[in-house]
Amino acid sequence: AAKLGGRDRIAVFDPSMYTAAVMEAEARTELERGLGADEFTVVYQPIVDLPSGLLIGVEALARWQHPTRGLVGPDSFIPQAERTGLIVPLGAHVLRVACHEVAGWHSAIPGAENVRVSINLSARQFQEPDLVDTVRAALADSGIRPHLVVLEITESLLMHDVDATVVTLHELRELGVQIAVDDFGTGYSSLSYLRRFPIDILKIDKAFIDGITDDSDDATLAEAVVGLGKALRLSTVAEGIEHADQQEMLSQLGVTYGQGYLFARPGSADEIAEMVRAAYRKQVGGQ
Ligand code: C2E
Ligand code: MG
Ligand code: MG
Ligand code: MG
């Protein structure tokens, strides 16, 4: 590797560094092209009430409809978008589309006027001074009621720049939106830290849900997180529920909401709108 710093050292040319830089530049150009060509879309995954299973909201998840690579998932472009800063326009796009589409369901689907939408924000977006303005504009333009919008942030973001994050979260909360801590349990936030943040929801990471029915340690950890949520008067969402016995156990533990392939995989706006319609048709019919 090239050696930096020492006065009498020589920077050695390293072809692998050159390759990495070229690949990064290409990735950036390709992301910019995709954004310009409007190739980024949003899919939605239902979030249900435990134990009833009623759909109460959706999480918006980014996808790239790439002309040659097909439908690309976020794990292959979000990290690059974060490194290049393109997550800022991409995140704003997801926010606008999701608010707009879910507001459309509120007015078009009888009984569905309280369906919530959760939107992921990355740490990079929090460094932008106009994040709050961007969110305010997305709310105003779509006409969505702000309390139906949940912004998901990760636990590691919370620990990064505590004072600035607390201020921004308060500003976002003043717009009327709710805040969820995503992938909770994978970071290292302590109870005393967590209380400083104005948050509403804890999303328990799939890693804890996977083993809960056959690993007593996972079950104990899940129970501890639920207890933490209760102590802080937060609602809880369990992520990645794939089996009915997990749903059963989590609802017995008192987890408020669930999300996972057991209930539904992420689907296009049209597919999930149909699912919302069916859920609330049943509701209305059952009254
Ligand atoms: P996340 O926010 O934790 O979203 C949940 C992920 O778990 C989604 O993956 C979802 O499809 C997946 N999932 C849900 N239920 C199950 C299950 O039962 N089994 C399994 N195996 N997986 C399940 P996806 O859509 O690939 O998204 C991955 C991550 O990419 C998200 O994790 C989020 O961190 C990030 N991401 C997605 N969209 C955006 C976005 O618009 N902005 C930002 N900043 N990040 C995003
Ligand atoms: Mg999320
Ligand atoms: Mg998550
Ligand atoms: Mg996750």
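On a predicted model such as this, the values are computed, not experimentally measured, just so you know. (Residues numbered from 1 in each chain as written. Chains lettered and ligands numbered in written order. Predicted model: local features only at pLDDT ≥ 70, side-chain atom pairs only at ≥ 80, totals over all residues. Heavy atoms only, no water.)

**Comments concerning the overall build of the protein**
For the protein, the count of helices and strands is 12 helices and 9 strands. Since a compact globule built from 287 residues should have a radius of gyration of about 19 Å, the 21 Å found for the protein is in line with a globular shape. C-alpha extents for the protein along the principal axes are approximately 80 × 45 × 35 Å. Taking all 287 residues of the protein together, 46% fall into the buried category. Relative to all contacts within the protein whose residues are 6 or more apart in sequence, the contacts with residues 24 or more apart total 67%. Accessible area for the protein stands at about 14,500 Å²; split by element, carbon and sulfur atoms hold 52% of it. Charge separation in the protein, taken as the distance between the mean sites of 24 positive and 41 negative side-chain charges, equals 3 Å. (Helix = DSSP H or I, 4+ residues; strand = E, 2+ residues; numbered from the N terminus. Rg over C-alpha atoms; globule rule 2.2 N^0.38 Å. Buried < 20%, exposed > 50% of the residue type's maximum accessible area, 1.4 Å probe, protein only. Contact = heavy atoms within 4.5 Å. Areas by Shrake-Rupley, 256 points an atom, 1.4 Å probe, with all protein chains shown as cover. Lys, Arg positive; Asp, Glu negative; His and termini not counted. Charge placed at Lys NZ, Arg CZ, Asp CG, Glu CD.)

**Remarks on the site of ligand 1**
Taken together, 24 residues surround ligand 1, and among them Glu59, Asn120, Asp182, Glu242 and Tyr261 come closest. In this structure, Gln45 approaches ligand 1 through a side-chain N or O atom, which is 3.1 Å from a nitrogen atom. The separation between a nitrogen atom of ligand 1 and a polar side-chain atom of Glu242 is 2.5 Å. Here ligand 1 has 800 Å² of accessible area as a free molecule, and 81% of this is covered by the chains. (Near = heavy atom within 4 Å. Polar contact = N/O pair within 3.5 Å; in protein donor to acceptor, adjacent residues only side chain to side chain.)

**Description of the nonpolar core**
The biggest cluster of nonpolar side chains holds 73 residues, and the ones touching the most others in it are Tyr44, Trp105, Val117, Ile119, Leu151 and Leu172. Here this core takes 9 residues from helix H3 (residues 87-108), the largest share from any one element. Counting residues in hydrophobic clusters, the runner-up holds 7 residues, among them Val150, Ala180, Ile201 and Tyr257. (Core = buried A, V, L, I, M, F, W, Y, C linked by side-chain atoms within 4.5 Å.)

**A few points about the packing of helix H5 (residues 131-142) against helix H7 (residues 162-174)**
Close contact between H5 and H7 brings their axes to 10 Å; oriented N to C, the two are set at 15 degrees. Regarding the angle of H5 to H7, the classification is roughly parallel. Once H5 is placed against H7, the crossing between them reads as right-handed. For the pair H5 and H7, the contacting residues are Leu131, Val132 and Val135 in the first and Thr168, Glu171 and Leu172 in the second. (Axes fitted to C-alpha atoms, helices over the stretch in contact; angles between N-to-C directions. Parallel < 35°, antiparallel > 145°, perpendicular 65-115°, else oblique. Left-handed = near helix turned anticlockwise from the far one by under 90°.)

**Some points on the coordination of the magnesium ion (ligand 3)**
All of the protein donors around the magnesium ion (ligand 3) are Asp182 (OD), Asp183 (OD), Glu239 (OE) and Glu239 (OE); their distances to the metal are 1.7 to 2.8 Å. Sequence spacing among the residues donating to the magnesium ion (ligand 3) works out to D-D-x55-E. Separation of the magnesium ion (ligand 3) from the magnesium ion (ligand 2) amounts to 3.6 Å, with Asp182 serving as a shared donor to the pair. Residue Asp182 is located in strand S6 (residues 178-184), and its partner Glu239 is located in the loop between strand S8 (235-238) and helix H11 (244-253); the two are separated by 57 residues in the primary sequence. Like Asp182, the residue Glu239 is buried in the burial classification. (Donors = N, O, S within 2.8 Å, 3.2 Å for Na, K, Ca; no water.)

**A short note on the pairing of strand S2 (residues 55-66)**
With respect to burial, S2 is a largely interior element, 11 of its 12 residues being buried. Judged from the 9 bridges that link them, strand S1 (residues 40-49) and S2 form a sheet pairing that is antiparallel. Residue pairing in the sheet places Thr41 in a bridge with Arg63 of S2. If you look at the hairpin formed by S1 and S2, you'll find 5 residues sitting between the two strands, and Gly53 has a positive phi there, around 85 degrees. Note that S2 and strand S4 (residues 116-120) share 4 bridges and pair parallel. The residue bridging Glu59 from the neighbouring strand is Ser118, located in S4. In this structure, S2 lies alongside strand S3 (residues 70-72), joined through 3 bridges in antiparallel fashion. Pairing of Gln65 across the sheet is with Leu71, part of S3. Hairpin connection, S2 to S3: the antiparallel pair is bridged by 3 residues. (Pairing = 2+ DSSP bridges.)

**Topic: the pattern of salt bridges**
For the structure on display, the rule yields 13 salt bridges. For Lys203, the salt bridge goes to Glu59, with nearest N and O atoms at 2.9 Å. Of this pair, Lys203 sits in strand S7 (residues 201-204) while Glu59 sits in strand S2, and the two are 144 residues apart along the sequence. Owing to a relative accessible area of 1%, Lys203 belongs among the buried residues under this scheme. Note that Asp133 and Arg136 form a salt bridge whose closest N and O atoms lie 2.6 Å from each other. Here Asp133 pairs with Arg136, and both are found in helix H5, just 3 residues apart, close to one helical turn. You can call Arg136 partly exposed: its relative accessible area is 41%. (Salt bridge = Lys/Arg side-chain N within 4 Å of Asp/Glu carboxyl O.)

No statement about biological role is implied by the geometric values presented.
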